Amino acid sequence: MSIELANITKSFGQVQALRGVSAVFHEERIYGLLGRNGAGKSTLLNILTGRIFPDSGTVTVDNERGTENDSAQSKIFLMSETTLHPDFMRVSKAFHWAGIFYPGFDEGYAKGLAQEFGLSLKAKISGLSTGYRSIFKLILALSVNVPYVLLDEPVLGLDANHRELFYKRLLEKYTAKPFTVVLSTHLIEEVANLIEDVIIIKEGEVLRQESRDELLSGGYTVSGGSAAVETYIQGKNVLGVDALGGLRTAYVLGVPERDSQSAKDLEFGPMDLQKLFIQLTNS
Amino acid sequence: MKIYPSFRLQLQDHIPAVIIYYIVLISMALLSLALIPFMTPNDNIHVTTNGVTVVTIIFAYVCSLCAFKDSFLLNIQHSVSRRTQFIARLGTLGTVCAVLALGDELYTLLLTGLGRLFPTVFSGESLYRMIYSYDGMSPKGSVFNIIFSFFSFLAVSSLGYLLTVLNYRLNKIGKVLFWAGTPIAVGLIASYISAHPSVAGIIIPFLTGLIWALFSSLPRMIISCTLLTVVFSGLTWLLMRRAGVK
């Protein structure tokens, strides 16, 4: 059971947003969909949920055609940056309609979450701040109980307290009944420990798709004095180097050579997802 | 398939507008009724609702112009395919037109009834009776009134919906060209026709004949309106099937 994207391409005028993207979202996994601004993350999620059409390529949901197929699409819920609910609609009414369209929607749970986040059920969607709009959509996403939940910039405008509460509730929900979560976010440090798999998109192409552990185990950081680090990284596959005064940190692919002569006085550490992402997508 | 939820959603969009519309119509009649004790024979006040269907046709058209964007986006948010939305829309169209046709007939009957009680103040005739000179007060006449109104609303609402979907699909330049260009083109053509009697001599009789052929009797009107509805709805589907979220 999975969502499969095969050779998806999409252009907007002269801009090619996606170039032959193929990716798989397996069931009951938490994915981080990472990419810089304009990389094509939102376009990919919009195509996956039939909000826009690809120029070519196919979307398959649990071995069914994904595009324009109610049965396949009803297994997916996308919380997007754009709010598609009418501005005049009240939160309670939006919950009511979610219950009609998604038989698994847990209205009691949604109302409970609304209370926890301090979201008024009587509030009009047009009157909500950016943060509360995000909260409103997050509550829907956590309450629909579908196998695939896609979250595009889920914590946009949320304060630290609300972000923490959201991650907590998401994990609780996932632990109680696992489902597939795709988190598309720029706050990589915040989700680094949450995600199990990573898909990195760069300029409309999938750069990496692997598990977080695999991705991070493929490299390491080495820190120390400039000269020592420079000597050590000679001939190695270096993703990039950060410099701070006389100190340097290099991001290196491969296995650390701690016993080598050049490794003296150097510190080795695990690869950091955000750093790795920056180094991979910087050029 | 999510046809029924989508149907409910799209119908819900129309219900408040329809209720308000008839509240306004009935309030006007009641207000007139309440003013009767204060009227003197010299006031010469007469309340007529002849052909209320014309007003309802405009109302149905405006309603359908407002029916697409919000419900389309909300349906998409709830993972409803365009095909399902379109089928549900056809159901909504039929239901709303039936309710309006029935509402119009009841309103016309109400006013006609009041006209019998207060003949100097109230009068009401259906549009169908005015056009086809049929006795609208007979039960058979009522059925014909309803049928006439229903098919009128159907064609007009389909046109309104087609235009709003077209408007959604067009980009900015397309919108300007269409919404400004169409009236200008019509104005220019009308001016050209009026300035050239020889052309007018061909066009005007053709249009008169066409209208006669399409609407000169109730069965012709039903067939014509059904065909128009099919054409408008078919074009709507062509536009809707590839509509994306903007």
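Predicted, not measured: the structure shown is a model, and the values here were computed from it. (Residues numbered from 1 in each chain as written. Chains lettered and ligands numbered in written order. Predicted model: local features only at pLDDT ≥ 70, side-chain atom pairs only at ≥ 80, totals over all residues. Heavy atoms only, no water.)

1. Regarding the overall build of chain B
Inclusion rule: In DSSP terms, a helix is any run of H or I states spanning at least four residues, a strand is any run of E spanning at least two, and both are numbered starting from the N terminus. For the exposure calls, accessible area comes from a 1.4 Å probe over protein chains only, and a residue counts as buried if that area is under 20% of its type's maximum, exposed if over 50%, partly exposed in between. None of His or the chain ends enter the tally, which takes Lys and Arg as positive and Asp and Glu as negative. In plain terms, the charge of a residue is placed at NZ if it is Lys, CZ if Arg, CG if Asp and CD if Glu.
A tally of regular secondary structure across chain B gives 9 helices and 2 strands. The order of α-helices and β-strands along chain B, N terminus first, is α-β-α-α-α-β-α-α-α-α-α. For chain B, the spread of C-alpha atoms along the principal axes amounts to about 60 × 55 × 35 Å. Taking all 246 residues of chain B together, 43% fall into the buried category. Computed over 16 positive and 7 negative side-chain charges, the separation of the two mean positions in chain B equals 22 Å.

2. Here's the deal with the environment of B:Met240
Let me state the cut-off plainly: Contact between two residues is taken to exist if any of their heavy atoms lie within 4.5 Å; hydrogens are not considered.
With respect to the helices and strands, B:Met240 occurs in helix H9 (residues 218–240). Residues in contact with B:Met240, not counting those within four places in the same chain, are B:Phe68, B:Arg82, B:Gln85, B:Phe86, B:Tyr161 and B:Val165.

3. So, the pattern of salt bridges
All names here are of chain A. Here is the rule we go by: We count a salt bridge whenever a side-chain nitrogen from Lys or Arg sits within 4 Å of a carboxyl oxygen from Asp or Glu.
Scanning the entire structure with this criterion turns up 16 salt bridges over all chains. Where Glu 116 meets Arg 169, a salt bridge forms, and the shortest distance between an N and an O atom there is 2.4 Å. Placement of the pair is Glu 116 in helix H4 (residues 107–117) and Arg 169 in helix H6 (residues 160–176), with a sequence separation of 53 residues. On the accessibility criterion, Glu 116 (39% relative accessible area) is partly exposed.

4. Overview of the packing of aromatic side chains
Residue and element names in this part refer to chain A. So the rule is basically this: Two rings belonging to Phe, Tyr or Trp (six-membered ring only in the last case) form a pair when the distance between their centres is within 6.5 Å. Interplanar angles under 30 degrees mark stacking, angles over 60 mark edge-to-face geometry, and anything in between is tilted.
Inspection of every chain in the model, using the stated rule, returns 24 aromatic pairs over all chains. For the ring pair Trp 97 and Phe 101, a centre distance of 6.3 Å and an interplane angle of 45° mean the geometry is tilted. Of this pair, Trp 97 and Phe 101 both sit in helix H3 (residues 91–101), 4 residues apart, roughly one helical turn. For the pair Trp 97 and Phe 101, a shared accessibility class is recorded, and that class is buried.

5. Concerning a nonpolar patch on the surface
Rule in force here: To count toward a patch, a residue needs a relative accessible area above 30% and no salt bridge. Like charges then connect within 9 Å, nonpolar side chains (Val, Leu, Ile, Met, Phe, Trp, Tyr) within 5 Å. Only the protein chains shown count as cover for residues, with accessible areas throughout obtained via the Shrake-Rupley method and a probe of 1.4 Å.
Together, B:Phe206, B:Leu207, B:Leu210 and B:Leu214 line one region of the surface with nonpolar side chains, adding up to about 350 Å² of accessible area. By the element assignment, B:Leu214 lies in helix H8 (residues 197–215).

6. Focus: the layout of surface pockets
Rules: We place a 1 Å grid over just the protein atoms. Points where a 1.4 Å probe fits but has no way out form a cavity, open points with protein on both sides within 12 Å along at least 5 of 7 lines form a pocket, and any residue with an atom within 4 Å of a point lines it. Grid points are joined across faces, edges and corners, and a volume is the space filled by probe spheres set on the points.
Considered as a void within the structure, the largest pocket measures approximately 240 Å³ in volume. As for the largest pocket, its lining consists of 13 residues, of which A:Phe88, A:Met89, A:Trp97, B:Gln12 and B:Asp13 are closest to the centre. Counting only elements with at least two residues in the lining of the largest pocket, the list comes to H3 of chain A together with helix H1 (3–35) and helix H3 (69–77) of chain B. Examining the composition of the lining of the largest pocket, we find that 4 residues originate from one element, H1(B), more than from any other.

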